[in-house]
Amino acid sequence: MSKRFGLFKPCSCCQLTGRRLLKYRLPVGLILLALSSNVSCESGSESAVKVAFIYNFFKFIQWPNSANTQEGYTLCIVNAAELGGAVSALNGKTPNDKPLTLLTEVSISQMKTCNVLFVADNGHNNQDLSALQNLPVVTVGDGDNFAARGGMIGLIKTDNHLGFEINLDVANQANVKISAQLLKLAKHIYSTK
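In every chain, residue numbers begin from 1 and rise along the written sequence. Given that the model is predicted, a residue must reach a pLDDT of at least 70 before its local features are reported, and side-chain atom pairs must reach 80 or more before they are shown or counted; all residues, however, enter totals for whole chains, interfaces and linings. No hydrogens and no water enter the side-chain calculation; it runs on all heavy atoms of the structure.

Asker: Looking at this structure, I do not really get the environment of Ser130. What am I missing?
Answerer: Per the convention used, a helix needs a DSSP run of H or I reaching at least four residues, while a strand needs a run of E reaching at least two, with both numbered from the N terminus. Position of Ser130 among the secondary structure elements: in the loop between β4 (116–119) and β5 (138–141). Relative accessible area serves as the criterion here: at 47%, Ser130 is assigned to the partly exposed category. Remark: the alpha-carbon pair of Ser130 and Gly151, spanning 21 residues in sequence, is separated by 9.6 Å. Throughout this description, buried means an accessible area under 20% of the type-specific maximum (1.4 Å probe, protein chains only), exposed means over 50%, and partly exposed covers the range between.

What follows is the structure, encoded as structure tokens:
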């Protein structure tokens, strides 16, 4: 089946197909990113697309040695219920051939050990991420102006368009390297340089 679709093969159980991703009018590069993995997720939902983004971010980010990613990655989720069951399918996945551990509803002290922290918008997002400042934790969120407010990557939706913004200043302060390929696909980059 995968040979039939090449990079556009659907995920094993989520039906996260190119057609569904096109529904959200993702840039072609992001469609390739999302479809190049075997993300299992809820069928065709916006949450499934967000989960695909999160999974693929691991492939285009390089953490400093202090982040301890040699043995695997830790993905932490705040307000996981907002993503439905889609995110649980990531547990045990292996981006960059490293095991991915999923933690939900983590404490502030646990957040400091995450490689990626996703803060799902629940309409009451006022999660204070200041404790993570300068730590190599890639903060991703889908709340309003997440990247502009100091998050590293903000998922944004305009009409049916899904995309993301990157706060490069925050990434640089944390010594996190975001690939040029991912930067090219960002809708907006916050950078003072």
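Asker: What is the right way to read the state of the cysteines from this model?
Answerer: Simply put, the disulfide is a covalent bond whose two ends are the sulfur atoms of two cysteines. Any cysteine sulfur atom paired with another within 2.5 Å is treated as part of a disulfide. Counted under the stated rule, the structure contains 1 disulfide. Paired through a disulfide, Cys76 and Cys114 show a sulfur-sulfur distance of 1.9 Å. The chirality of the disulfide connecting Cys76 with Cys114 is left-handed, given an S-S dihedral of about -95°. Residue Cys76 is found in strand β2 (residues 73–78), and its partner Cys114 is found in the loop between α5 (108–111) and β4; the two are separated by 38 residues along the sequence.

Asker: For this particular structure, what's the right way to read unusual backbone geometry?
Answerer: Leaving glycine aside, a negative phi is the common case for residues, and trans is the common case for peptide bonds. Phi is positive for Asn134, which is not a glycine, with a value near 70°. In this structure, Asn134 sits in the loop between β4 and β5. Overall, the relative accessible area of 47% leaves Asn134 in the partly exposed class. You will see that Asn175, though not glycine, has its phi angle at about 60°, which is positive. Relative to the helices and strands, Asn175 resides in the loop between α6 (168–173) and β8 (177–178). Among the residues examined, Asn175 registers a relative accessible area of 46% and is labelled partly exposed.

Asker: Before we go on, may I ask you to explain helix α4 (residues 46–57) in this structure?
Answerer: Spacing of three or four residues puts side chains on the same side of an α-helix, whose turn is 3.6 residues. In this scheme, a helix's expected span is set at 1.5 Å multiplied by one less than its residue total. Along its 12 residues, α4 runs 17 Å from first to last C-alpha, staying within 8% of the 16 Å computed at 1.5 Å per residue. Burial analysis of α4 places 12 of its 12 residues in the buried class, which makes it a mostly covered element. Every buried residue of α4 is listed here: Glu46, Ser47, Ala48, Val49, Lys50, Val51, Ala52, Phe53, Ile54, Tyr55, Asn56 and Phe57.

Asker: Explanation requested: the side chain of Asp142 in the structure shown.
Answerer: Within the fold, Asp142 resides in the loop between β5 and β6 (153–158). Residue classification places Asp142 among the buried positions, given a relative accessible area of 15%. Residues adjacent in sequence count toward polar contacts only when both atoms are side-chain atoms; beyond that, a polar contact is any pair of N or O atoms within 3.5 Å, and within protein one must be able to donate a hydrogen and the other to accept it. A distance of 2.9 Å separates polar atoms of two side chains, one belonging to Asp142 and the other to Lys50. Within polar-contact distance, the side chain of Asp142 engages the backbone nitrogen of Asp121 at 2.5 Å.

Asker: What should I look at first to understand the packing of aromatic side chains in this one?
Answerer: Centre distance and the angle of the planes are the two values used to describe a pair of aromatic rings. Two aromatic rings from Phe, Tyr or Trp, using only the six-membered ring of Trp, form a pair when their centres are within 6.5 Å; if the ring planes differ by under 30 degrees the pair is stacked, by over 60 it is edge-to-face, and anything between is tilted. Going through the model one piece at a time under the given rule, you end up with 6 aromatic pairs. Ring geometry for Phe53 versus Phe57: centroids 6.1 Å apart, planes at 40°, classification tilted. Placement of both Phe53 and Phe57 in helix α4 is noted, with a separation of 4 residues, approximately one turn of the helix. For Phe53, a relative accessible area of 6% puts it in the buried group. Aromatic rings pair up to connect Phe53, Phe57 and Phe164 into one cluster.

Asker: Can you help me understand the side chain of Thr74 in this one?
Answerer: Relative to the helices and strands, Thr74 resides in strand β2. Looking at Thr74, the relative accessible area reads 17%, which means it is buried. In this structure, Thr74 is in contact with Phe58, Thr101, Leu103, Thr113, Cys114, Asn115 and Val116, ignoring residues within four places of it in sequence. Note on contacts: a residue pair qualifies if any of its non-hydrogen atoms lie within 4.5 Å across the two residues.

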